[in-house]
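Descriptive analysis of the structure
Each chain, written out:
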Amino acid sequence: RPTIGVLALQGDVREHVAALAHCGADAVLVRRESELAAVDGLVLPGGESTAISKLLQAFDLLEPLRARLRDGLPAFGSCAGMILLASEVLDTRPDAQHLSGIDMTVRRNAFGRQVDSFETDLDFAGLDTPVRAVFIRAPWVERVGDGVEVLARVPHGPAQGRIVAARQGNVVATSFHPEVTGDLRVHELFVDVVRKAR
Ligand code: GLN
């Protein structure tokens, strides 16, 4: 069984732990460098990206995490986690840090007030039926670099066509929260990425 950490500084940690355990991983909490060093993959949960960014610095995890990502650590970020994994973030605080796990520009709180939280079904690359996607003050992806695979886009409405899931190498990010729906396929996909990377 792969050991997969959930970054447990802030956010919906418990939901990711439960989803990973259902997918056959040993899910562990990561709050310190020694815990980070012991995992085969890491989930960055939904929550508040600027708060998590501050806590990464306060817990001396920012540089160790950047180093592990550079070395190819598989990672999956949902919502705030997607923001943290971006290489560029729009509409964030000037002192917020990010990890550049995926070459992409992400706009924080992108959907605006009218639709700032909503659910929809969307097609997801590699899955044969649509995924139920829950968006909560979510980001979207405005630019992806070469080598980044677009996994999902908003199917309709004012944000139609916006990228909401992407992958580069062993790093996966979604604007939405697969950990809250009971549909485990995105977590299964990530556990599979971690297994293959081991
Ligand atoms: N709006 C949050 C942020 O900027 C993300 C929301 C979420 O993770 N549900 O970090």
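Overview of the structure. All values derive from a computational prediction rather than experimental measurement. (Residues numbered from 1 in each chain as written. Predicted model: local features only at pLDDT ≥ 70, side-chain atom pairs only at ≥ 80, totals over all residues. Heavy atoms only, no water.)

This part takes up the site of the ligand. In the vicinity of the ligand, the residues found are Gly-46, Gly-47, Glu-48, Ser-49, Cys-79, Ala-80, Ile-83, Arg-108, Asn-109, Ile-136, Arg-137 and His-177. Within the side chain of Arg-108, an N or O atom sits 2.6 Å from an oxygen atom of the ligand. In this structure, His-177 approaches the ligand through a side-chain N or O atom, which is 2.9 Å from a nitrogen atom. Protein contact buries 93% of the 300 Å² of open area that the ligand shows by itself. Of the residues assigned to the shell around the ligand, the class counts are four nonpolar, five polar and three charged. (Near = heavy atom within 4 Å. Polar contact = N/O pair within 3.5 Å; in protein donor to acceptor, adjacent residues only side chain to side chain. Areas by Shrake-Rupley, 256 points an atom, 1.4 Å probe, with all protein chains shown as cover. Nonpolar A, V, L, I, M, F, W, Y, C, P; charged D, E, K, R; others polar.)

Oppositely charged side chains can pair when the atoms bearing their charge come close. Per the stated rule, a full pass over the model turns up 12 salt bridges. Between Arg-107 and Glu-142 there is a salt bridge, with its nearest N and O atoms 2.5 Å apart. Note that Arg-107 is positioned in strand β6 (residues 104-107) and Glu-142 in strand β9 (residues 140-144), a separation of 35 residues in sequence. For Glu-119, the salt bridge identified is with Arg-132, shortest N-O distance 3.1 Å. Of the two residues, Glu-119 is situated in strand β7 (residues 117-122) and Arg-132 in strand β8 (residues 131-136); the sequence distance between them amounts to 13 residues. If you follow the salt bridges from partner to partner, you end up with Asp-91, Arg-107 and Glu-142 in one network. (Salt bridge = Lys/Arg side-chain N within 4 Å of Asp/Glu carboxyl O. Helix = DSSP H or I, 4+ residues; strand = E, 2+ residues; numbered from the N terminus.)

Turning to the nonpolar core, a few remarks are in order. Nonpolar side chains in soluble globular proteins tend to end up buried together. Judged by nonpolar contacts, the single largest core of 33 residues is most densely connected at Ile-4, Phe-111, Leu-122, Phe-124, Phe-135, Val-164 and Phe-176. Sort the elements by how many residues they give to this core and helix α6 (residues 185-197) lands first, with five residues. Ignoring anything within four residues of it in the chain, the contact list for Phe-176 reads Ser-78, Cys-79, Leu-122, Phe-124, Val-131, Ala-133, Val-134, Phe-135, Val-164 and Ala-165. The next biggest cluster of nonpolar side chains, apart from the first, holds 32 residues, and it includes Leu-62, Leu-65, Val-89 and Ile-163. (Core = buried A, V, L, I, M, F, W, Y, C linked by side-chain atoms within 4.5 Å. Buried < 20%, exposed > 50% of the residue type's maximum accessible area, 1.4 Å probe, protein only. Contact = heavy atoms within 4.5 Å.)

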